[in-house]
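# Structural characterization, general
In case you want the letters, here they are:
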Amino acid sequence: MLSNIDHLIFAAPTLKSGMDAIEKLLGIRPVVGGQHQGRGTHNALLAMGNIYFEVIAPDPTQSDVPKPLWMKTDQATQPQLWTWAAANSDLLELEKIANQNQIPLGKIKSGTRTQTNGNIIEWQLTEPILDNENGIMPFFLNWGKTIHPSKTLPQAGEVLAFKAIHPNPEIIKNQLEKLGINLLVEKGTQPHLEATIRTLNGKIIQLN
């Protein structure tokens, strides 16, 4: 399952509060990534093996962007695991599968972000949908020729396990399997994600 994960997204009311929370949990401060121009957000990043961890928050310099912001991150009232992105190298084929099975999937778009060093990175993604089962249903990313962020970021540990909790687990699991994802989905009252992480010093923490 972990091979499907491109990155985990941790939303916070402000970038500083999110970075502070992750530094307290993992012992390493995320590196400021840059702005998502026109989306109203900015981020900070850490790597966990081949997966990366994105802290995302409203960008106060983009106050003119309509709400809700990208992935509804302006609705995060405290730092928390928010949603995730899955890796996929053929988004057009994925779009066909989603349409055939009537699974909501955002339109394929190109994305860019200007890093703090001025470099521009590019990717293709399925636009994150707002109705994503409280973050359980991922959006999909294809980095193409861009070097995956995990290759250049500070390592902060390892993701040991990743699962979802949902009142109707079989429905969610079936949709995910049709999209090529084998995610453990357990029954629970409130839909959410849970990640088990081992930090560099060996500490085991739970994020949800």
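The coordinates are above.
In short, a report on the structure. Quick caveat: nothing in here was measured; it's all calculated off a predicted structure.

## Focus: the overall build of the protein chain
What the protein chain contains, in helices and strands, is 3 helices and 12 strands. At 16 Å, the protein chain has a C-alpha radius of gyration in line with the 17 Å of a compact globule built from 208 residues. Per-residue burial for the protein chain yields a buried fraction of 47% across its 208 residues. In the protein chain, of all internal contacts separated by at least 6 residues, the share reaching a separation of at least 24 is 62%. Working note: accessible area of the protein chain is about 10,300 Å², and carbon and sulfur atoms make up 49% of it. Charged side chains in the protein chain number 18 positive and 19 negative. The centres of these two groups are separated by 3 Å.

## A look at the pairing of strand 8 (residues 139-142)
Relative to strand 8, strand 5 (residues 80-87) runs parallel, the two sharing 3 bridges. Following the sheet pairing, Ala86 is matched in strand 8 by Phe140.

## Focus on the side chain of Asp59
Note that Asp59 resides in the loop between strand 4 (51-58) and strand 5. Among the polar contacts made by the side chain of Asp59, one reaches the side chain of Gln35 at a distance of 2.8 Å. With near-sequence residues (within four places) excluded, Asp59 lies in contact with Gln35, Gly40, Thr41 and His42.

## Considerations on helix 3 (residues 169-178)
Among the residues of helix 3, Pro169, Ile172 and Leu176 are the ones counted as buried. Down the axis, helix 3 shows its buried residues gathered within 70 degrees of arc, on one side only. In helix 3, the exposed positions angled more than 90 degrees off the buried face are occupied by Glu170 and Ile171.

## Comments concerning the environment of Ala87
As for its placement among the helices and strands, Ala87 is situated in strand 5. Taking the relative accessible area as the measure of exposure, Ala87 reaches 38% and is therefore partly exposed. Measuring from C-alpha to C-alpha, the distance between Ala87 and Asp6 comes to 4.9 Å, with 81 residues separating the pair along the chain. Excluding residues within four positions of it along the chain, Ala87 makes contact with Asn4, Asp6 and Leu141.

## Points about the sheet that holds strand 10 (residues 184-187)
One open sheet accounts for 4 strands, arranged 10-9-11-12; its pairing is mixed. The open sheet has two edge strands with one neighbour each: strand 10 and strand 12 (204-207). Across the sheet, the axes of successive neighbouring strands diverge by a mean angle of 25 degrees, strand direction being ignored. Sheet topology note: the strand 9 (residues 157-166)/strand 10 ladder contains 4 bridges and is parallel. Considered in strand 10, the bridge of Ala164 is made with Val185. Packed on one face of the sheet, helix 3 meets strand 9 and strand 10 and runs near 165 degrees to strand 10.

## Quick look at the environment of Leu130
With respect to the helices, strands and loops of the structure, Leu130 is situated in the loop between strand 7 (120-126) and strand 8. Not counting residues up to four positions away in its chain, the partners in contact with Leu130 are Pro68 and Lys72.

## A short note on the packing of aromatic side chains
What the rule picks out here adds up to 5 aromatic pairs. Relative to Trp143, the ring of Tyr52 has its centre 6.3 Å away and its plane inclined at 65 degrees; by these criteria the two rings are edge-to-face. With a gap of 91 residues between them, Tyr52 in strand 4 and Trp143 in the loop between strand 8 and strand 9 connect regions that are remote in the sequence. Judged by relative accessible area, which is 5%, Tyr52 ranks as buried. Judged by centre distance (5.2 Å) and plane angle (70 degrees), the rings of Trp84 and Phe162 are edge-to-face. With Trp84 in strand 5 and Phe162 in strand 9, the pair connects residues that are 78 residues apart, well separated along the chain. With a relative accessible area of 0%, Trp84 lands in the buried category. By relative accessible area, which is 5% here, Phe162 ends up buried. Ring pairing ties together the aromatic residues Tyr52, Trp123 and Trp143, which thus form one cluster. The lysine or arginine in question, Arg39, covers the ring of Trp70, its NZ or CZ lying 4.3 Å from the ring centre.

Procedures and definitions
Residues numbered from 1 in each chain as written. Predicted model: local features only at pLDDT ≥ 70, side-chain atom pairs only at ≥ 80, totals over all residues. Heavy atoms only, no water. Helix = DSSP H or I, 4+ residues; strand = E, 2+ residues; numbered from the N terminus. Rg over C-alpha atoms; globule rule 2.2 N^0.38 Å. Buried < 20%, exposed > 50% of the residue type's maximum accessible area, 1.4 Å probe, protein only. Contact = heavy atoms within 4.5 Å. Areas by Shrake-Rupley, 256 points an atom, 1.4 Å probe, with all protein chains shown as cover. Lys, Arg positive; Asp, Glu negative; His and termini not counted. Charge placed at Lys NZ, Arg CZ, Asp CG, Glu CD. Pairing = 2+ DSSP bridges. Polar contact = N/O pair within 3.5 Å; in protein donor to acceptor, adjacent residues only side chain to side chain. Arc of directions from axis to C-beta. Axes fitted to C-alpha atoms, helices over the stretch in contact; angles between N-to-C directions. Phe/Tyr/Trp six-rings, centres within 6.5 Å; stacked < 30°, edge-to-face > 60°. Lys NZ or Arg CZ within 6 Å of the ring centre and 35° of its normal.

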